[in-house]
Amino acid sequence: MRRFFLHTFGCQMNVSDSQRMAEVLRRMKMEPTPVAKNADLIILNTCSIREKAEEKVLSALGRYREVKLSRGARIGVGGCVAQQEKERLLRRVPYVDFVFGPDAISKLPEILRRVEARERVVETAWIDSEEYVFPRADPESTRGRVTEFVTVMKGCDNVCSFCVVPHTRGREVSRPCGEVLAEVAGLTGVGVREVTLIGQNVNSYRGGIGFAELLLRVAEVPGIDRVRFTTSHPHDLSDALIEAVGSQPKIAPHFHLPIQSGSDRVLERMRRDYTVAEYLERLSRLRAARPGIAVTTDIIAGFPGETEDDFQLTLELTEEVRYENQYSFVFSSRPKTAAAMREEQWGAVPHELKLERLERVQKLQRRIGGEIMAAQIGRQVEVLVEGPSKLDPSKRFGRTPENRTVNFEGDAPAGALARVLVRRSSPNALYGEQAAISSEPRVRVEERPGAELCVA
Ligand code: SAH
Ligand code: SF4
Ligand code: F3S
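Residues numbered from 1 in each chain as written. Chains lettered and ligands numbered in written order. Predicted model: local features only at pLDDT ≥ 70, side-chain atom pairs only at ≥ 80, totals over all residues. Heavy atoms only, no water.

1. A look at the layout of surface pockets
If you add up the space inside the second largest pocket, you get close to 250 Å³. Lining the second largest pocket are 19 residues; nearest its centre among them are Gly 292, Glu 324, Ile 372, Gln 376 and Arg 404. The set of elements that each furnish at least two residues to the lining of the second largest pocket consists of β13 (294–301) and β15 (380–388). Among the elements that make up the lining of the second largest pocket, the one with the highest residue count is β15 (three residues). In terms of residue class, the lining of the second largest pocket is made up of eight nonpolar, four polar and seven charged. Split by domain, the lining of the second largest pocket shows at least three residues from each of two domains, domain 2 (139–374) and domain 3 (380–439). (1 Å grid on protein atoms, 1.4 Å probe; cavity = no way out; pocket = protein on both sides within 12 Å on 5 of 7 lines; lining within 4 Å. Points joined across faces, edges and corners; volume = space filled by probe spheres on them. Helix = DSSP H or I, 4+ residues; strand = E, 2+ residues; numbered from the N terminus. Nonpolar A, V, L, I, M, F, W, Y, C, P; charged D, E, K, R; others polar. Domains from an automatic or database assignment.)

2. Some remarks on the packing of helix α10 (residues 239–247) against helix α12 (residues 276–289)
Contact pair α10 / α12: the axes reach a minimum separation of 8 Å and the direction vectors enclose 25°. Taken together, the axes of α10 and α12 are roughly parallel relative to one another. Remark: the crossing between α10 and α12 carries right-handed chirality. On α12, the residues that touch Asp 239, Ile 242, Val 245 and Gly 246 of α10 are Arg 282, Arg 285, Leu 286 and Ala 289. Grouping the amino acids of the contact of α10 with α12 by side-chain chemistry returns four nonpolar, one polar and three charged. (Axes fitted to C-alpha atoms, helices over the stretch in contact; angles between N-to-C directions. Parallel < 35°, antiparallel > 145°, perpendicular 65-115°, else oblique. Left-handed = near helix turned anticlockwise from the far one by under 90°. Contact = heavy atoms within 4.5 Å.)

3. Here we look at the site of ligand 2
All residues adjacent to ligand 2 are Cys 156, Asn 158, Cys 160, Phe 162, Cys 163, Val 165, Pro 166, Gln 200, His 233 and Arg 272. For the shell around ligand 2, the class distribution of residues is six nonpolar, three polar and one charged. (Near = heavy atom within 4 Å.)

4. Overview of a negative patch on the surface
Taken together, the side chains of Asp 264, Glu 268, Asp 273 and Glu 278 make up a negatively charged region of the molecular surface. With respect to the secondary-structure elements, Asp 264 resides in helix α11 (residues 264–270). (Patch = residues over 30% accessible without salt bridge, like charges linked within 9 Å, V, L, I, M, F, W, Y side chains within 5 Å. Areas by Shrake-Rupley, 256 points an atom, 1.4 Å probe, with all protein chains shown as cover. Salt bridge = Lys/Arg side-chain N within 4 Å of Asp/Glu carboxyl O. Lys, Arg positive; Asp, Glu negative; His and termini not counted. Charge placed at Lys NZ, Arg CZ, Asp CG, Glu CD.)

5. A look at the nonpolar core
Within the largest apolar cluster, 58 residues are counted, with the highest numbers of intra-cluster contacts made by Val 195, Leu 197, Phe 211, Leu 214 and Phe 229. For this core, the element with the most residues is helix α9 (residues 211–219), which contributes six residues. When residues no more than four places from it in sequence are discounted, the contact partners of Leu 214 are Val 152, Cys 177, Val 180, Leu 197, Tyr 205 and Ile 209. Counting residues in hydrophobic clusters, the runner-up holds 24 residues, among them Ile 42, Ala 60, Val 67 and Val 81. (Core = buried A, V, L, I, M, F, W, Y, C linked by side-chain atoms within 4.5 Å. Buried < 20%, exposed > 50% of the residue type's maximum accessible area, 1.4 Å probe, protein only.)

6. Observations regarding the environment of Leu 41
Considering the arrangement of structural elements, one finds Leu 41 in strand β3 (residues 41–46). Leu 41 sits in the buried class, given a relative accessible area of 0%. For the pair formed by Leu 41 and Leu 6, sequence separation is 35 residues and the distance between their alpha carbons is 8.5 Å.

7. Structural notes on the domain arrangement of the chain
Taken as a whole, the chain is organised into domain 1 (3–125), domain 2 (139–374) and domain 3 (380–439). The C-alpha-based centres of domain 1 and domain 3 are spaced at 35 Å.

8. A few points about the environment of Gln 12
Turning to its location among the elements, Gln 12 is positioned in helix α1 (residues 12–27). Relative accessible area serves as the criterion here: at 31%, Gln 12 is assigned to the partly exposed category. Each residue touching Gln 12, except ones within four places of it in the same chain, is listed here: Phe 149, Ile 198 and Thr 230.

9. Observations regarding empty space enclosed by the protein
On inspection of all chains with the given rule, the structure shows three cavities of 30 Å³ or more. When its volume is computed, the largest cavity comes out at roughly 190 Å³. Looking at the largest cavity, it is lined by 17 residues, and the ones nearest its centre are Asp 17, Tyr 132, Phe 134, Thr 151 and Lys 154. Elements with a minimum of two residues in the lining of the largest cavity: α1 and β8 (153–154). By residue number, the principal contributor to the lining of the largest cavity is α1, which donates four residues. Classifying every residue of the lining of the largest cavity by side-chain character gives eight nonpolar, two polar and seven charged. Summarising the domain contributions, the lining of the largest cavity has at least three residues from each of domain 1 (3–125) and domain 2 (139–374).

10. Description of unusual backbone geometry
Thr 230 connects to Thr 231 through a cis peptide bond whose omega is 5°. In this structure, Thr 231 sits in the loop between β11 (226–230) and α10. The residue Arg 118 is not glycine, and still its phi comes out positive at about 70°. You can see Arg 118 is positioned in the loop between α5 (108–116) and β6 (121–123).

11. Brief notes about helix α8 (residues 177–188)
Relative to the 16 Å expected for 12 residues at 1.5 Å per residue, α8 spans 17 Å between its end C-alpha atoms, a close match to the ideal helical length. Three or more residues of α8 are buried, namely Cys 177, Val 180, Leu 181, Glu 183, Val 184, Leu 187 and Thr 188. Angular distribution of buried residues about the axis of α8 spans 160°; they occupy a single face of the element. (Expected span 1.5 Å × (residues − 1). Arc of directions from axis to C-beta.)

12. Considerations on the site of ligand 3
In the vicinity of ligand 3, the contacting residues are Cys 11, Asn 14, Thr 46, Cys 47, Ser 48, Ile 49, Cys 80, Arg 169 and Gln 200. Grouping the constituent residues of the shell around ligand 3 by class yields four nonpolar, four polar and one charged.

13. Some details on the pairing of β13
Across the eight residues that make up β13, a large majority, eight, are buried. Alternating positions in β13 separate into two faces, Ala 294, Thr 296, Asp 298 and Ile 300 on one and Val 295, Thr 297, Ile 299 and Ala 301 on the other, with burial throughout. For strand β12 (residues 254–256) and β13, the ladder comprises three bridges, and the chain directions are parallel. Looking across to β13, one finds that Phe 255 is bridged to Val 295. Bridge count for β13 against strand β14 (residues 325–330) is six bridges, and the pairing is parallel. Looking across to β14, one finds that Ile 300 is bridged to Phe 329. Assessed by its sense of winding, the connection that carries the chain from β13 through helix α13 (residues 308–321) to β14 is right-handed. (Pairing = 2+ DSSP bridges. Right-handed = clockwise from strand over helix to strand, strands pointing away.)

Rendered as structure tokens:
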């Protein structure tokens, strides 16, 4: 096996896990290829958060079957579908060679040796303890990127009734703070200026220090200009975290705070463990501590038993908070979750109605997001330049501290901080021209698109 192709679905955890997989494979002297049909090994790093996500995985698998037939490529399935389905997946899809869970990434060399000996392998044991060793990022493989994810914890101890993650990722384990800080320091050495600390529930980080303290220490690592984090559960958004965000300017002024619904009745059935009033109270303290902070959220439309009145409350909340952006989804019933078991009792919302509600909340959010972005026209914003714009490679691309995406005319190299005059906007992006380079890159990098991580 020489060349590998990685197809990544789902959240930032999976993107980060795929990077670790690529590093393990490179150490085995394999090379990434951006073209599946040239690969000797195809790995799908999967997501099962909603039914649709799972369907995408199965249809991609169907496509890769051809590569197996034509050149004998091996096919492996990792990530959350793998963890959930285990050996069932081998039975269901006869051409899959191996299935491995998120905790088995470092076992890939051994798994591949067994696969070469014609064994069909399933490795889905969890390592749910402080003994778990988080795979460490190899800074060299990051060279060329200016922003990176850093895993600070795995798993989730919450019990949100709709969510499959506790079943696919197991119990929370925090990564020791020394390891996190060492990884961040290593990344700055190859030119990374921004890190995003990731975990399903970062507020309950306990890696020797609390999450607020971790953020403050990461912000002080020499070479780091911006620190981001996700995801933060509203029920344990602590005063210490609000204070940290208010006091350290390097912590980016963007907060993702998923509410899910504007109705207390629905939130209770979701087992989110906060009321709308509590959520708004914490949010107003956050906004007082850091004026101008951009707030984004997640919404589920059509949760079982959700009435038109409940949904109206979600629309009202959307108006009241004026989110920068919302990631909204129709409710999807997931195996083994409490909401799936109670769906009939609470009353399933018909699919058409779920879709209709989703469209209504998305339309409202597009208007609000559009207004917020339009208010940037005529201003100068600070952009951390990531490389060429995907929309138009003759333009440059980067993000503001608020995480607004910017496409602009200019010549600022990747890794520079540029001041950009905003000329135009859409609900999701700003467009403008470079006014000045305010800070040169710390490390000059050769710009190349990240080929090995096909993200769906
Ligand atoms: N840990 C994060 C969420 C991770 S899942 C948090 O608690 O905020 C990302 C989003 O997917 C969730 O916030 C939710 O809005 C959505 N989601 C999760 N399960 C879902 C389901 N069964 N149906 C529809 N949307 C779902
Ligand atoms: Fe899922 Fe809730 Fe955990 Fe988020 S906090 S991963 S929604 S169980
Ligand atoms: Fe999906 Fe697993 Fe992430 S279910 S959202 S890839 S934790």
